[in-house]
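Each chain, letter by letter, is given below.
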Amino acid sequence: MAEEKGKITPQVEDFPQWYQDVVREGDLAEAAKVVKGCMVIKPHGYAIWEKIQADLDRRFKETGHKNAYFPLLIPMSFLNKEAQHVEGFAPEVAVVTHAGGKALPEGEQYAIRPTSETIIGHFFSKWIDSYRDLPLLINQWANVMRWEVHTRLFLRTTEFLWQEGHTAHADHDEAYEEVLRILDLYGDFAQNVMAMPVIRGIKTESEKFAGAVQTMSIEAMMRDGKALQAGTSHDLGQNFGVAFDVKFQNEEGREDYVWQTSWGVSTRLIGGLIMTHSDDTGLILPPKLAPVQAVIVPIFRKAHEKEKVLPAAAGLRDELKAAGVAVELDDREGKRPGEKYYEWERKGVPIRIELGPRDIESGEAMTKLRIADGKVKMPIATLAQDLGGVLDGFQDFLLERAVKFREDNTVTIDSWDDFTDVFKDGESRFAWCHWDGTAQTEAAIKEETKVTIRCIPLDGQGPDPEPGKCIKTGKPSARRVLFARAY
RNA sequence: CGGGGCGUAGCGCAGCCUGGUAGCGCGCCAGCUUUGGGAGCUGGAUGUCGAAGGUUCAAAUCCUUUCGCCCCGACCA
């Protein structure tokens, strides 16, 4: 299973290896190796993250949130203030025990943030006095660290990049609206920007965030049938408000604790992007997130051809750029066109434009869509105005294909035999099944099959509620929930 | 923590059993010929053989210790 350069293992042969190969060949990231569990996000991978950031950041601001930044280090005592929170995160926290050349006394040690509810809670308590200070809507773009045993590039790394929203409200209804608003924002982003369809739902008690009253998530299906939790939005109730004494005076003049929410998406989204669209040739990027949407490969043999082709290619590049297309002219010398084709395909560029003497002569350039088998001639003169539509069509195609894949791999199951059959040998699909609602049954199913409840769907996100019998125990169930193996 | 495996050029590996002073493929550099789907030829550069100690005239190779990494299980999301 070599890290053989240039080779992409077929999906059906070895999916995890395929994933690693696509990340490497797409030049997205590599394992840092010198720092356990961490990765280096390479320029092409980081450019995707920047596009994700830009779109989300705009959406956060449009919904009234403001960016801020809090310290990387959190006093250990802060983490300990919320009982469930510390229980959930303590095992995976890295702690600073030495600084300034000296060992720090235990009471002065710091955790490297695994998430920032605690330190933000501390500052919220200083900033909030009155209902007039609410709602307080803050977002932070940051890195966090969780000491995980098993790491995989983008999907689970020790250090990762994310955004974490933290809001405080005067009552629970308003906080809950915020939780839903953000879940919807994430869902819309996943669907319309990433072309990754998701199911919005509520996490079970055992899967919810440590310290939350309720956790909601968006769940996406990867091409191996497994589920990826792609974003979460938490209703924190007054748990952190009480723990950090975030009190305010309400309109009636009485003191109350604030109602908080927190929510986040991370560089894991890039892993989801890869496992939703890419194929055995390598990365495929939706145009809305592709750092390079179109690449021009000039073709020439003789010097006099080069003199004609290169200026024409540069002119076309400038035209496309002016039309708002993220275009790159690959005029590197010493590489032949064929090699360039392969390279840009592995990097997921949606469309390639081949420009040679013949094309200039005929006024039509040869174009190749990353998702199509054949090449298509397009008039050079109108390429700049035509390309937008082509890219939109590409974006739509990816979403439709992903939706269809998910539909084809979603089942409704009513017997335990069928359940174990669907999930045999490590396979996975999305399965809508009845569940008796108890943590014991959930744990028993997980123990026996490693399959988990991904979420209890919100209205319209799954089958309509209808009573039935639990797939495992036969006890009454009010509605079907989503089962799958998960990343 | 239990089981297994691996550290030799930038990457992937051979050499180790049977000790004799470093090799292959890819990549890189130069030149020429090439260029519409991964180019060919010629020449060239690159190594504390993971580390420390020992045996020996001589250690990548044998012995001891040690560090690191990977896989399976366990644990975790």
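Residues numbered from 1 in each chain as written. Chains lettered and ligands numbered in written order. Predicted model: local features only at pLDDT ≥ 70, side-chain atom pairs only at ≥ 80, totals over all residues. Heavy atoms only, no water.

## A few points about the domain arrangement of chain A
Frequently, the measure chosen for interface size is the accessible area removed from exposure when the parts meet. What counts here: Boundaries between domains were set according to an automatic or database domain assignment.
Along its sequence, chain A is carved into domain 1 (15-277), domain 2 (287-398) and domain 3 (410-484). Distance between the C-alpha centres of domain 2 and domain 3: 48 Å.

## Structural notes on the side chain of H169
Selection criterion: In this text, helices come from DSSP runs of H or I with a minimum length of four residues, and strands from runs of E with a minimum of two, each type numbered from the N-terminal end. Here, two residues are considered to be in contact whenever any of their heavy atoms come within 4.5 Å of each other.
Along the chain, H169 turns up in strand β10 (residues 159-169). Apart from residues no more than four positions distant in its own chain, H169 is found in contact with L134, P135, L137, E174, A175, E178, V258, W259 and T261.

## Re the packing of helix α2 (residues 43-62) against helix α6 (residues 172-192)
Counted only if it meets this: Here an axis means a line fitted to C-alpha atoms, over the contact stretch when the element is a helix, while the angle between two N-to-C directions is reported on a 0 to 180 degree scale. Crossings are classed by handedness, with left-handed meaning an anticlockwise turn of the near helix from the far one by less than a right angle and right-handed meaning a clockwise turn. Three residue categories are used. Nonpolar comprises Ala, Val, Leu, Ile, Met, Phe, Trp, Tyr, Cys and Pro, charged comprises Asp, Glu, Lys and Arg, and polar comprises the others, including Gly.
Relative to each other, α2 and α6 sit at 145°, their axes nearing to 11 Å. Every pair of crossing elements has a handedness; the one defined by α2 and α6 is right-handed. Residue-level contacts link I52, D55, L56, R59 and F60 of α2 to L185, Y186, D188 and F189 of α6. Each residue belonging to the contact of α2 with α6 can be placed in one class, and the counts come to 6 nonpolar, no polar and 3 charged.

## Thoughts on the pairing of strand β21 (residues 375-379)
Heads up, the condition is: When DSSP finds two or more bridges between a pair of strands, those strands are recorded as paired.
Two strands pair when backbone bridges link them, and strand β20 (residues 364-369) and β21 are joined in this way by 5 bridges, in the antiparallel orientation. In the sheet register, T367 faces β21, and the bridge partner there is V376. Between the end of β20 and the start of β21, which pair antiparallel, lie 5 residues.

## With respect to the sheet that holds strand β4 (residues 73-75)
Strand pairs in the sheet, formed through backbone hydrogen bonds, run parallel or antiparallel to each other. The 3 strands lie next to each other as β4-β8-β5, forming an open sheet whose pairing is antiparallel. Of all strands in the sheet, those with a lone pairing partner are β4 and β5 (95-96), marking the two edges. The sheet contact formed by β5 and strand β8 (residues 110-112) spans 2 bridges and is antiparallel. Bridge pairing in β8 links V96 to Y110.

## Digging into the state of the cysteines
As a reminder of what qualifies: Here, two cysteine sulfur atoms that lie within 2.5 Å of each other are counted as a disulfide.
Applying the stated criterion across every chain yields a total of 0 disulfides. Distance from the sulfur of C433, which forms no disulfide, to the nearest cysteine sulfur (C470) is 9.1 Å. The thiol of C455 is unpaired, and the distance to the nearest cysteine sulfur, on C433, comes to 12 Å.

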